[in-house]
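Structural characterization, general
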Protein chains: 8
Amino acid sequence: MNNTYINALLKKVAEHKISIEKAALEIKAAPFEELGFAKIDTHRKIRNGVPEVIYGAGKSAEQILQICETMKNNGQEQILITRLSEEKAKEISSSFKLDYNNIGNIGLIGEPSNPDGIGKIVIATGGTSDMYAAEEAAFTAKALGNEIVCLYDVGVAGLHRLLAHIDELMSASVVIAVAGMEGALASVVAGLVDCPVIAVPTSVGYGASFGGLSALLSMLNSCASGVSVVNIDNGFGAAYQANMINHIGERK
Amino acid sequence: MNNTYINALLKKVAEHKISIEKAALEIKAAPFEELGFAKIDTHRKIRNGVPEVIYGAGKSAEQILQICETMKNNGQEQILITRLSEEKAKEISSSFKLDYNNIGNIGLIGEPSNPDGIGKIVIATGGTSDMYAAEEAAFTAKALGNEIVCLYDVGVAGLHRLLAHIDELMSASVVIAVAGMEGALASVVAGLVDCPVIAVPTSVGYGASFGGLSALLSMLNSCASGVSVVNIDNGFGAAYQANMINHIGERK
Amino acid sequence: MNNTYINALLKKVAEHKISIEKAALEIKAAPFEELGFAKIDTHRKIRNGVPEVIYGAGKSAEQILQICETMKNNGQEQILITRLSEEKAKEISSSFKLDYNNIGNIGLIGEPSNPDGIGKIVIATGGTSDMYAAEEAAFTAKALGNEIVCLYDVGVAGLHRLLAHIDELMSASVVIAVAGMEGALASVVAGLVDCPVIAVPTSVGYGASFGGLSALLSMLNSCASGVSVVNIDNGFGAAYQANMINHIGERK
Amino acid sequence: MNNTYINALLKKVAEHKISIEKAALEIKAAPFEELGFAKIDTHRKIRNGVPEVIYGAGKSAEQILQICETMKNNGQEQILITRLSEEKAKEISSSFKLDYNNIGNIGLIGEPSNPDGIGKIVIATGGTSDMYAAEEAAFTAKALGNEIVCLYDVGVAGLHRLLAHIDELMSASVVIAVAGMEGALASVVAGLVDCPVIAVPTSVGYGASFGGLSALLSMLNSCASGVSVVNIDNGFGAAYQANMINHIGERK
Amino acid sequence: MNNTYINALLKKVAEHKISIEKAALEIKAAPFEELGFAKIDTHRKIRNGVPEVIYGAGKSAEQILQICETMKNNGQEQILITRLSEEKAKEISSSFKLDYNNIGNIGLIGEPSNPDGIGKIVIATGGTSDMYAAEEAAFTAKALGNEIVCLYDVGVAGLHRLLAHIDELMSASVVIAVAGMEGALASVVAGLVDCPVIAVPTSVGYGASFGGLSALLSMLNSCASGVSVVNIDNGFGAAYQANMINHIGERK
Amino acid sequence: MNNTYINALLKKVAEHKISIEKAALEIKAAPFEELGFAKIDTHRKIRNGVPEVIYGAGKSAEQILQICETMKNNGQEQILITRLSEEKAKEISSSFKLDYNNIGNIGLIGEPSNPDGIGKIVIATGGTSDMYAAEEAAFTAKALGNEIVCLYDVGVAGLHRLLAHIDELMSASVVIAVAGMEGALASVVAGLVDCPVIAVPTSVGYGASFGGLSALLSMLNSCASGVSVVNIDNGFGAAYQANMINHIGERK
Amino acid sequence: MNNTYINALLKKVAEHKISIEKAALEIKAAPFEELGFAKIDTHRKIRNGVPEVIYGAGKSAEQILQICETMKNNGQEQILITRLSEEKAKEISSSFKLDYNNIGNIGLIGEPSNPDGIGKIVIATGGTSDMYAAEEAAFTAKALGNEIVCLYDVGVAGLHRLLAHIDELMSASVVIAVAGMEGALASVVAGLVDCPVIAVPTSVGYGASFGGLSALLSMLNSCASGVSVVNIDNGFGAAYQANMINHIGERK
Amino acid sequence: MNNTYINALLKKVAEHKISIEKAALEIKAAPFEELGFAKIDTHRKIRNGVPEVIYGAGKSAEQILQICETMKNNGQEQILITRLSEEKAKEISSSFKLDYNNIGNIGLIGEPSNPDGIGKIVIATGGTSDMYAAEEAAFTAKALGNEIVCLYDVGVAGLHRLLAHIDELMSASVVIAVAGMEGALASVVAGLVDCPVIAVPTSVGYGASFGGLSALLSMLNSCASGVSVVNIDNGFGAAYQANMINHIGERK
């Protein structure tokens, strides 16, 4: 709640245009809508620059539908739903026009924003099996208004595959490096580029990969500077921050 | 090694302005200088936008001095040295003019760059004891050319301390959230701002904080979007990436 | 076995109103009933203030039924069964009138006690997906005789949702803070209230949440005082202790 | 910031007794004092019922002294300092009258509050070597106004030592169970009493105790209901919550 | 291979009663039978005092049958099969007379040995849900020739249930303490008896029990002397060693 | 990209036999084929001595088929596919002649190479249940051109079973030691032989084996020299390196 | 408190030879002596067969001395003190005749008991550096009245060193296997002998031995039956149980 | 003990050239010398191809000296001592001519063997601070008779530094890749070469490197084939195995 708003409100109070009780209420009024099982944050676009996103895991299709409707009624034009299974996607599609990506398990109601970022977001994966997290990132980045370039299966076991794309990497405004197993991709990419690298460890691997722990630790300990890390398999989170970075000039 | 450079070189070969052997050598020539115990990466500013930084831990004062001299001879004007103990700083000060910060254990030879970023970098800490990592971040960000704002001891146990600085947080281009113990600061800040939050877990705490593991996991699992994480106590790494973000318009 | 009881018994011995053998037996006699596979603690209400509760996981419906019958025969009027699957609940319903909550997987035979505690128990969750543990807590607290207030989906990513309920939080006698992911809710709430906060980490999350470990460590390392923690997903345990606190004036 | 306060303030605005700017400022005004390296929370007693406590670890004696002076100037009569080494205690003693406990490494400026709680707080330890955490708890509980009973070295390896104190345990309003190694004390005590048990795992032990992890996990998995757990070695935190429980009738 | 045997063999060589080649072969001859996928150790009873036991997990019913036949052909009268699912047990029953315990998932071909140990083996569990491991232990102990006493559901949350059996515990030659969750049973029992306690941590529990880790660490850190520990859920292993102890006088 | 190749290319440039653009392209040209979801490394045999192997886990049968076809079209005669389920193997068999091992879940299109290594590769397992990883290793080693000897079920619980094969072990050029549970086989074998031992920890075991962690740590901490370790269950990786060792004389 | 005692006491009550109050007191009377910081368990020899042992770590020399004096005054003739540093041993020696072992850091006041066990206790170590734990075990076993045989440096890297002592191992009544690093000694020994093996993992090792965790897990997962495990470095605990086993015939 | 030896011995028995007793003794005779605290394995060169090496950690200088003397007396010409501190090295130097490396903390009595391996062993490190483990490897490899090439500070943050040495890497018979932090060096190198890569994780790093765990897991999960791993900081072990590989043609 910023200063300007409070000043304006207080002015109304001083001018007796609003009752004290009503003003007190307004100061405390929550900019969210109550659904009982969920509180929809209808002011988030103003506060965080991106409207609220629905985390689909652990919510029933009905709950998701109800949230979507409330959002629509509050004028939210673009609704992103992550961790959305194919079955739930079908149910939602019967009520809303949903663009769904079945590799990244992510869907969008409404149109992607204009790709008006500073540059391109490059999404690179170590292997083919990391695609699920990469597609989640790509879909998110595109929905939020970014031009994206996908470089899949460019892991460090065959460096030439990565180096063949050096121009695309060099021209990125942000690189999202998605890798499981030993997660070395993030370090190698960060050593090659001059833009931020957001690393997404994946749970791809077996044995001592311990569900992505190996890649996670690797990325946190990167010997190359300029790397930050999100949760295992969190392609959405990486794209969300990449979008913020790619639009950073806008809001200041 | 980008395309333009190779094209130019090949043109010289075609025009017999350079011998085949010399060209082959040049293509392979490493843009680094060999010191025996270290290979100094003299081209890094061109490649990564920031000149090479010396990681002082596990290097003797003599080794650091020798690296500094080589850097100087290669025209590197600004030398940042992290994890530099007070004793080593003294030894280096006898040969170079060193600006040293004894809380962050970090030093700079040369002048800080002009603060010409897109906006301000806000560095917030949960408590007073997190200052060592915050100062490392602040010193780095300043050296690399950023305006900084430090908000120390604004942990979530007393939310009003944080909320009192809401204007400074809202106007940041990047926030670096530094916290130990439960590391909740990152989530709370990310819920309030519309810019990227880089989280630095610290090893502050005892018992089940397990040397910063608690804060690290917290920050990776942040329920608020827009948070990415660096290694425990890695204030330098956070500032390095924040600097990249704050200058992102420049190089594209 | 308290002093008064032994004194009384010994008095009977001295007065030869009871044989030595019988007294010896009584001193050793176990206040529980033997079912072979289980020993029902029929004196627990006297000793601990709450009658024995059945932990339904790993017990067959038949075993649970048999335990219920024994309890009933021993005059236990209220039987709480936790971790009770919907199928087992159905089987038990055919023999007993069971009030069952299918989110919290918990059921009650008999009536809830009168809500006669000192104040209200507030149960807050970080997200919608934490509801299963919160409902277990709410059902337990109500059954044991407490007035409850549920504040769901008030996680720290949107602080205003929590702050909108500040009055309810401030007036609680105990707050149960239920959260997965980074578990920051406990710290933020504890910084706002003047009553004990019992934190319930949940296994909600993915990747580096490691089945609730992240939230658990967060809550144990809370920078705010007044927080204690129960096992991951242990809504019952939190409510059990909250009930003890809310009735603390009674038995002293 | 509660409703009453805002109403009163808005009334002043409506009556033009205060300017809009000043009111806006006051709404935002932080009830803390800024020291640069620390922000002292001078309103905490009102908000949390207990004045702010100084966590002495990682603060210099000078910093602690400066904080104490600010607190004193703000009228805080009782200042509790935890994790205070003997050397720092000496330095502080030269400026303030400090009551210091060199086992619990904790000190108090000012007088302990009146022991006006509902009942007694019993502090039990498994062994002699757990005394450091128990003394921290005992000192804290006493300072905050509680009658305490200390039962040291009553670990489960010799149950009779514990059972000999059954009367004291039964009459407690809260029991703080302090134990390292396998931490079984908490479960055994909770099975015997009808009041909340706050368990403090200690780092006492070697090998597979992993710095208190063994006791911590034990206590979290207690088969007895009514146990909640604080961080390893956190005697202060246990006593802080015990005090809240022991005074719970007061503020409602 | 002991001295006596070699001496005898060498004597035959010296007396030319056996060829050099044959003697060399015999020295090297393996006292096992080769099945291709398994090598059956037909001498184990001589070497270890107990014939080889079949670990049924990860072996098909056919493989187990084939091993059983080879054992039978080699004169092994008693065949114990652990971790044997109900389905496999059925298949084996069609070829052999199998005594099967469907709680402990363990079966015996042949008769149990005479219960001729020094004393009784007491098997105690913390709860009803620990019975699977306890039954594995009880069945094994009985098969190997021991008198057993089972005390189930005597966990420390209701000490009186355990203390009611103090005579049986005091008269044991070995106690096997089986418990999940916090595993305190082992410590409490060891404090009461004068015989070895073999502790079996079980995977019973949830959340921070981490699949039995909590009970395992508890038991390893027991504050009571005289406790040793086997793997999580390893009732067989505990009974195997208990049998060795209960027959220790025999072979010396 | 080695020197010779660049020299030759540059010579062509100097002799104007190739255009600058084409040469630049060639220098950058990736020796892999792009399938969209995968980049097939068609030069790997030249670079690493072994053609690219398909990791079947997380790839659909169709994706694997498409990769196989591209490889075939590029003249790769031998295609090894690991972690290939029986169902996928069937689908692939309809298009290619596939030799499939359903214990090791591994298949080969084309013929095994000639067994022309320096010596034999011995593959030993601790138990019957470790066979899946051993068969993966055996199949791989054979496919890549090695004579193999399999010694299954020679675990250290019956040393004589292992010692009976001492001649085979002594004559190996590499031993692959495959074991779960406590993984002691690697140390014991390494103490007996004079060739490298590659240890494969398996996930065989339960409880505190923690999915192979126990065996992994054992093997890494081997008190015997000459042991190196691959990932849990990674029979392929062990055989791959063993093949390199067994052919080491060839390429130097 | 056994039945006989209670019967006798009750008889006195019935015969009015003792007052009710006194009898009640006696039933509750704790068989320990109160020192304030410690409760000495003066009845332990009767209950557990071995008098109380002093755990010297975390106790001052003065505290230990005071405990020793109380024990002496209560007629305890043999006092074993574990984890006793050399300095403390010196201080104690000035008041008591102390037999001190400076490798095992253990001391004895009084004479070792007669070696009257069933057989010999063999203590074997993997390496020379495990001697500290082995000496603790050997000293304890001897003090408690056992004949011991020490086999040091018989690790599995050189099996012949172990096999050379096969006769001594075969004739043991208990073997204590002490090893760090990969801890394979326990499995190998258990495969060779027919008596219980108590395994002591040591913290000897570096890197992935993680302070003894590697050896601990190995020993818990032993593929050989008949092994149980005590805490890392707990030579005392192993010997304590071995003594119980070696005297098992005595008390039944 | 191989077949030939036994045959020869038996032949002597048959020919009565040796008594039965003496032969029996000889068969059992351990090829080691007993020092009390250590058993020196004087036959190891015959069995394992490399004479016994002294692990200096946890041994006193006197113990090491005594072992050296016994080795010398048994004709061992080359004695390698690892983990040897500078102080102990000095003490040993007074009795033996010792070649000592104070970075790798390793020393050699006697001359290095002739460098007669198949090829060169390349030792590469990620950074300057990994040198201690690399020097241990280099010294060992040289002592055992190998030509070595050291490539230090060629970590993946500056790929060109590594690629500049591609010829040396391509011509190696074994590469030892030594790296801390994220340990990506092993994967990148293995993708470039056609020889075995032995990876040595180091404990270099801080925070989430957890003492080398991060690098260890990375290397175990390498996406490139042909990598095996030794313990954290175990340069000696890597070189020991590399030497075996580099001499593999010799003994077959």
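The model shown is predicted, which means the values in this text are computed figures rather than measured ones. Each chain carries its own residue numbering, running from 1 in the written order of its sequence. Naming scheme: in the order in which they are written, chains are lettered from A and ligands are numbered from 1. A pLDDT threshold of at least 70 governs which residues receive local features in this predicted model, and a stricter bar of 80 or more applies before side-chain atom pairs are shown or counted, although totals over entire chains, interfaces and linings include all residues. The side-chain figures draw on all heavy atoms in the structure; neither hydrogens nor water molecules are used.

Looking now at the sheet that holds strand E6 (residues 106–109) of chain A. All names here are of chain A. Strands are labelled as partners when DSSP assigns at least two bridges between them. Secondary structure counts use DSSP, requiring at least four H or I residues in a row for a helix and at least two E residues in a row for a strand, with both numbered from the N terminus. The strand order E3-E4-E6-E5 describes an open sheet built from four strands, whose pairing is mixed. Lying at the two open borders of the sheet, with one neighbouring strand each, are strand E3 (54–55) and strand E5 (98–101). In terms of strand pairing, E5 meets E6 through four bridges, oriented antiparallel. Within the sheet, the bridge partner assigned to Asp99 lies in E6 and is Leu108.

All names here are of chain A. Its domain assignment divides chain A into domain 1 (30–109) and domain 2 (120–251). The quantity reported as buried area is the accessible area (1.4 Å probe) lost by two parts once they are put together, taken as the sum for both. Taken together, both faces of the contact between domain 1 and domain 2 bury some 1,300 Å²; the carbon and sulfur share is 66%. Taken as a group, Val50, Arg83 and Ile103 account for 35% of the area that domain 1 buries against domain 2, more than any other trio of residues on that side. Salt bridges are defined by distance alone: a side-chain nitrogen of Lys or Arg within 4 Å of a carboxyl oxygen of Asp or Glu. The tally of links between domain 1 and domain 2 comes to one salt bridge. A salt bridge links Arg83 to Glu136, with the shortest nitrogen-to-oxygen separation between them at 3.7 Å. Each polar contact in these results corresponds to two N or O atoms within 3.5 Å; when the atoms are within protein, one needs to be able to donate a hydrogen and the other to accept it, and residues that are neighboring in sequence are counted only if both atoms are side-chain atoms. Linking domain 1 to domain 2 there are three residue pairs in polar contact (both at pLDDT 80 or more). Listed by contribution, the elements that provide at least two residues to the side of domain 1 that touches domain 2 are strand E4 (79–82), E5 and E6. Element by element, the count of residues in the side of domain 1 that touches domain 2 is highest for E6, at three residues. Nonpolar residues are Ala, Val, Leu, Ile, Met, Phe, Trp, Tyr, Cys and Pro. Charged residues are Asp, Glu, Lys and Arg, and all others, Gly as well, are polar. Residue composition of the side of domain 1 that touches domain 2, grouped by class: six nonpolar, six polar and two charged. What counts as a domain boundary in this text is fixed by an automatic or database domain assignment.

Our focus in this paragraph is the interface of chain E and chain G. Every contact between the two is made by 38 residues of chain E and, on the other side, 37 residues of chain G. Scanning the region where chain E abuts chain G turns up zero salt bridges. Taken together, chain E and chain G are joined by 10 residue pairs in polar contact (both at pLDDT 80 or more). Those elements that provide at least two residues to the side of chain E that touches chain G are helix H3 (44–48), helix H8 (166–170), strand E9 (172–179), helix H9 (185–192), helix H10 (213–220), strand E11 (227–229) and helix H11 (235–246) of chain E. The criterion used for residue contact is that any of the two residues' heavy atoms lie within 4.5 Å.

To continue, consider the pattern of salt bridges. Residue and element names in this part refer to chain C. Per the counting criterion, the structure on display carries 32 salt bridges over all chains. Of the charged contacts in the structure, one is a salt bridge between Arg161 and Asp153, with a shortest N-O distance of 3.6 Å. Asp153 shares its class with Arg161; the two are buried. Here the term buried applies to any residue with accessible area under 20% of the maximum for its type, exposed to any over 50%, and partly exposed to those in between, with areas from a 1.4 Å probe on protein chains only.

Turning to the packing of helix H4 (residues 61–73) of chain F against helix H5 (residues 86–93) of chain F, a few remarks are in order. All names here are of chain F. Orientation of H4 relative to H5, taken along the N-to-C sense of each, is 45°, at an axis distance of 9 Å. Accordingly, the angle class assigned to the pair H4 and H5 is oblique. The element H4 and its partner H5 pack so that their crossing is right-handed. Here H4 contributes Ala61, Glu62, Ile64 and Leu65 to the contact with H5, which in turn contributes Lys88, Glu91 and Ile92. When grouped by side-chain class, the residues that make up the contact of H4 with H5 number four nonpolar, no polar and three charged. In this analysis, axes come from line fits to C-alpha atoms, helices being fitted only over the stretch in contact, and the angle between any two N-to-C directions falls in the range 0 to 180 degrees. If an angle is under 35 degrees, it is roughly parallel; if it is over 145, roughly antiparallel; if it lies from 65 to 115, roughly perpendicular; otherwise it is oblique. Take the far helix as your reference; a near helix turned counterclockwise from it by less than a right angle gives a left-handed crossing, and one turned clockwise gives a right-handed crossing.

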